[in-house]
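Examining the three-dimensional arrangement
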Amino acid sequence: MTNMPPKIQLSKAAKAAAAMAGGKKSKKKWSKKSVKDRAKHLVVLDQEKYDRILKEVPTYRYVSVSVLVDRLKIGGSMARVAIAQLERDGLIKKVSKHSTQLIYTRATAE
């Protein structure tokens, strides 16, 4: 067995300094998750977007508010108005109506 040298006693000031140094550790930072960029969807319809809606949407097999928002980058309220207009014009037909999700398809579909 080997004899270890006696531990040197620190002064009160040195102990206090050591305790303060140990307590300086910063708080845990929660992991940073990648933040999805906020979508910049149109809220006012311009002529270019209106023409694109009239041309493309009647060819979609599945038409809903979420599909129009995603593909055309327009706001949800504008998508609902566009769907209502296309249905009145007979370009799309209703498949299912629910209080929260309206589902349409192209009028020429089987």
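Notes on the structure follow.

The rules behind each value
Residues numbered from 1 in each chain as written. Predicted model: local features only at pLDDT ≥ 70, side-chain atom pairs only at ≥ 80, totals over all residues. Heavy atoms only, no water. Helix = DSSP H or I, 4+ residues; strand = E, 2+ residues; numbered from the N terminus. Rg over C-alpha atoms; globule rule 2.2 N^0.38 Å. Contact = heavy atoms within 4.5 Å. Areas by Shrake-Rupley, 256 points an atom, 1.4 Å probe, with all protein chains shown as cover. Lys, Arg positive; Asp, Glu negative; His and termini not counted. Charge placed at Lys NZ, Arg CZ, Asp CG, Glu CD. Buried < 20%, exposed > 50% of the residue type's maximum accessible area, 1.4 Å probe, protein only. Axes fitted to C-alpha atoms, helices over the stretch in contact; angles between N-to-C directions. Left-handed = near helix turned anticlockwise from the far one by under 90°. Nonpolar A, V, L, I, M, F, W, Y, C, P; charged D, E, K, R; others polar. Polar contact = N/O pair within 3.5 Å; in protein donor to acceptor, adjacent residues only side chain to side chain.

A few words now on the overall build of the protein. When helices and strands are counted, the protein shows four helices and two strands. Traced from its N-terminal end to its C-terminal end, the protein shows the element sequence α-α-α-α-β-β. In terms of C-alpha radius of gyration, the protein reaches 33 Å, well past the compact-globule figure of 13 Å for 110 residues. Here the C-alpha coordinates of the protein stretch approximately 95 × 35 × 25 Å along the principal axes. Considering only residue pairs separated by 6 or more positions, the protein has 42% of its internal contacts joining residues 24 or more positions apart. Total accessible area on the protein is roughly 9,500 Å²; 58% of this is exposed by carbon and sulfur atoms. Between the averaged position of the 25 positive side-chain charges in the protein and that of its 9 negative side-chain charges there is a distance of 24 Å.

Taken residue by residue, helix H3 (residues 65–72) has Val 65, Val 67, Leu 68, Val 69 and Leu 72 as its buried positions. Of the surrounding elements, those touching the buried residues of H3 are helix H2 (47–56), helix H4 (76–88) and strand E2 (102–106). Positioned one or two residues after H3, Lys 73 has a phi angle of 55 degrees, which is positive.

Now for the packing of H3 against H4. Helix packing for two helices is described by the angle between their axes and how far apart those axes are. Where H3 meets H4, the closest approach of the two axes is 9 Å, and the angle between their N-to-C directions is 115 degrees. For the pair H3 and H4, the sense of crossing is right-handed. Residues Val 65, Leu 68 and Val 69 of H3 form the contact with H4, whose own contacting residues are Gly 76, Ala 79, Arg 80, Ala 82 and Ile 83. Residue classes in the contact of H3 with H4 are distributed as six nonpolar, one polar and one charged.

Residue placement: Thr 59 occurs in the loop between H2 and H3. For the pair Thr 59 and Thr 105, spaced 46 residues apart in sequence, the C-alpha to C-alpha distance is 8.5 Å. Polar side-chain contacts of Thr 59 include one of 2.5 Å to the backbone oxygen of Glu 56.

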